[in-house]
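# Structure assessment
Given next are the chains, with one letter for each unit.
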Amino acid sequence: MWRVIIQCSAEGWRKNATAFNAIADKYSGTPISSKKMKDDERRIMEYQIENVSDAEDFVADCLTLEDFTATFESL
């Protein structure tokens, strides 16, 4: 199992929330957490993905969005 960690700025979320949700829907991941930070309104989201290839693809798709960063790690 893999944890995909996605972060984005408040502006990035405003511009790309719909596109991000479409990307997240492509993968059979389970949302673990979603946080909106009080100070700067950036978002941190975590998903559990079964397949490492799907985790890699999810990260790659997220990185196409402006102001989004993504990494993954083993659970």
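Presented here is an overview of the structure given in this document. Predicted model, so just to flag it, every value in this text is computed and none were measured. (Residues numbered from 1 in each chain as written. Predicted model: local features only at pLDDT ≥ 70, side-chain atom pairs only at ≥ 80, totals over all residues. Heavy atoms only, no water.)

### Examining the overall build of the protein chain
- Each helix and strand counted, the protein chain has two helices and four strands in total.
- Starting at the N terminus, the α and β elements of the protein chain follow one another as β-α-β-β-α-β.
- Whereas a compact globule of 75 residues would reach a radius of gyration of roughly 11 Å, the protein chain reaches 11 Å, a difference of no more than 12%.
- The dimensions of the protein chain, computed from C-alpha atoms along their principal axes, are 30 × 20 × 15 Å.
- Taking the intrachain contacts of the protein chain between residues at least 6 apart in sequence as the baseline, contacts between residues at least 24 apart amount to 70%.
- Seen as two clouds, the 9 positive and the 14 negative side-chain charges of the protein chain have centres 8 Å apart. (Helix = DSSP H or I, 4+ residues; strand = E, 2+ residues; numbered from the N terminus. Rg over C-alpha atoms; globule rule 2.2 N^0.38 Å. Contact = heavy atoms within 4.5 Å. Lys, Arg positive; Asp, Glu negative; His and termini not counted. Charge placed at Lys NZ, Arg CZ, Asp CG, Glu CD.)

### Quick word on the state of the cysteines
- Following the criterion strictly, the structure yields zero disulfides and no others.
- Of all cysteine sulfurs in the structure, the one in Cys62 sits closest to Cys8, which takes part in no disulfide; the separation is 9.3 Å.
- On the basis of relative accessibility, which here comes to 4%, the residue Cys8 falls in the buried class.
- What makes Cys62 buried here is its relative accessible area of 0%. (Disulfide = S-S within 2.5 Å. Buried < 20%, exposed > 50% of the residue type's maximum accessible area, 1.4 Å probe, protein only.)

### A few points about the pattern of salt bridges
- For the coordinates displayed, the defined rule picks out seven salt bridges.
- Between Arg3 and Glu73 there is a salt bridge whose closest N-O contact spans 3.0 Å. Separated by 70 residues along the polypeptide, Arg3 in strand 1 (residues 2-8) and Glu73 in strand 4 (residues 68-74) bring together distant segments of the chain.
- Given a relative accessible area of 35%, Glu73 falls into the partly exposed group.
- A salt bridge links Glu11 to Arg14, with the nearest nitrogen and oxygen atoms 3.3 Å apart. With Glu11 and Arg14 both in helix 1 (residues 10-26) and three residues apart, this pair spans about one turn of that helix.
- Here the salt bridges do not stand alone but share partners, grouping Arg3, Glu46 and Glu73 into one network. (Salt bridge = Lys/Arg side-chain N within 4 Å of Asp/Glu carboxyl O.)

### Here we look at the nonpolar core
- Ile6, Phe20, Met45, Phe58 and Phe68 are the most contacted members of the largest nonpolar core, which totals 19 residues.
- Mapped by element, the contributors of at least two residues to this core are strand 1, helix 1, strand 3 (43-49), helix 2 (52-62) and strand 4.
- Sorting elements by how many residues they give to this core places helix 1 first, with five residues.
- Setting aside anything within four residues of it in sequence, one finds Ile6 in contact with Phe20, Arg43, Ile44, Met45, Tyr47, Phe58, Cys62, Phe68, Thr69 and Ala70. (Core = buried A, V, L, I, M, F, W, Y, C linked by side-chain atoms within 4.5 Å.)

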